[in-house]
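# Topology and contacts: notes
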Amino acid sequence: PMVGRAGILIEAAKAYPSASYVGSDMDAIQLEGAVENIHSAGLNGRVTIMHADATRLPIRSGSVDVILTDLPFGKKHQKADNSQLYPSLFAEFLRVLKPGCVAVILTTCKAIVEDIVLVENSGFEACWRRQVFVGGLKASMHLIRKLAVD
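Overview of the structure. The written sequence of each chain sets the order in which its residues are numbered from 1. In view of the model being predicted, local features appear only for residues whose pLDDT reaches at least 70, and side-chain atom pairs are presented and counted only at 80 or more, with totals across whole chains, interfaces and linings using the full set of residues. The side-chain values count all of the structure's non-hydrogen atoms but skip hydrogen atoms and water molecules.

## Things to note about the overall build of the chain
To qualify as a helix, a DSSP run of H or I must reach at least 4 residues; to qualify as a strand, a run of E must reach at least 2; elements of each kind are numbered from the N terminus. For the chain, the helix and strand inventory stands at four helices and six strands. Only C-alpha atoms enter the radius of gyration; for comparison, a globular chain is expected to reach 2.2 Å times N to the power 0.38, where N is the number of residues. Against the 2.2 N^0.38 benchmark of 15 Å for 150 residues, the chain shows a C-alpha radius of gyration of 15 Å, consistent with a compact globule. Taking the principal axes of the C-alpha coordinates as reference, the chain spans close to 45 × 40 × 25 Å. Think of it in three bands: residues with accessible area under 20% of the maximum for their type are buried, residues over 50% are exposed, and the middle band is partly exposed, with areas taken using a 1.4 Å probe on protein chains only. Taking all 150 residues of the chain together, the buried fraction comes to 38%. A separation of at least 24 residues holds for 69% of the contacts in the chain among residues at least 6 apart in sequence. Total accessible area on the chain stands at roughly 8,700 Å², and carbon and sulfur atoms take up 53% of it. Charge centroids of the chain, computed over 16 positive and 15 negative side chains, lie 4 Å from each other. By definition, residues are in contact when any of their heavy atoms lie within 4.5 Å. Per-residue and other accessible areas were derived by the Shrake-Rupley procedure at a 1.4 Å probe size, with only the shown protein chains allowed to occlude residues. In this tally, Lys and Arg are treated as positive and Asp and Glu as negative; His is ignored, and so are the chain termini. Each charge is placed at NZ for Lys, CZ for Arg, CG for Asp and CD for Glu.

Structure, rendered in structure tokens:
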């Protein structure tokens, strides 16, 4: 979800060539850039791109092994907007992930992520968090795991 111009997806596809990759975004201009970048990287056929709302993905429930996403943050995206968007995104991540599988999330909104994930019965386990810098902004990478259903 929120593939943008597919930089993270392309890097993942190069690092792990045996996996299948699907990226989505609602922005047609970003999707055009993603398709061009995937073609330039020689990954046509290995990486699929689709126009979709990340809060309502056209993906079967419990069918995804890993989510890699660079969530909206920075000066263009207000934290107030993200405090409404992120809960919907995480609910969708919970729906599409297989039990025991993970999401790797990049964001500057560490507190919002923790408020969602660390709540009892969230359906997620926080595995680790690392601070990184992206374009001069202090961001966090989060690895979260969907809890297995008993």
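Read on, since the account is not over.
## Let's talk about the environment of Asp27
Here Asp27 is to be found in the loop between β1 (21–25) and α2 (28–40). For the pair Asp27 and Asn37, spaced 10 residues apart in sequence, the C-alpha to C-alpha distance is 15 Å. Throughout this description, a polar contact denotes any pair of N or O atoms lying within 3.5 Å of each other; where both atoms belong to protein, one of them has to be capable of donating a hydrogen while the other can accept it, and for residues adjacent in sequence the pair is counted only when both atoms sit in side chains. Within polar-contact distance, the side chain of Asp27 engages the backbone nitrogen of Gln30 at 3.1 Å.

## Side note on the nonpolar core
Take the buried residues of types Ala, Val, Leu, Ile, Met, Phe, Trp, Tyr and Cys, join any two whose side-chain atoms come within 4.5 Å, and each joined set is a nonpolar core. In this structure, Tyr86, Phe90 and Phe93 are the most contacted members of the largest nonpolar core, which totals 20 residues. Taken together, the elements giving at least two residues each to this core come down to β3 (64–70), α3 (79–96), β4 (97–107) and α4 (110–117). It is α3 that provides the largest number of residues to this core, a total of five residues. Discounting residues that sit within four places of it in the chain, Phe90 has contacts with Leu71, Ile105, Val113, Ile116, Val117, Phe124 and Ile144.

Note that all results are geometric; they support no functional claim without further evidence.
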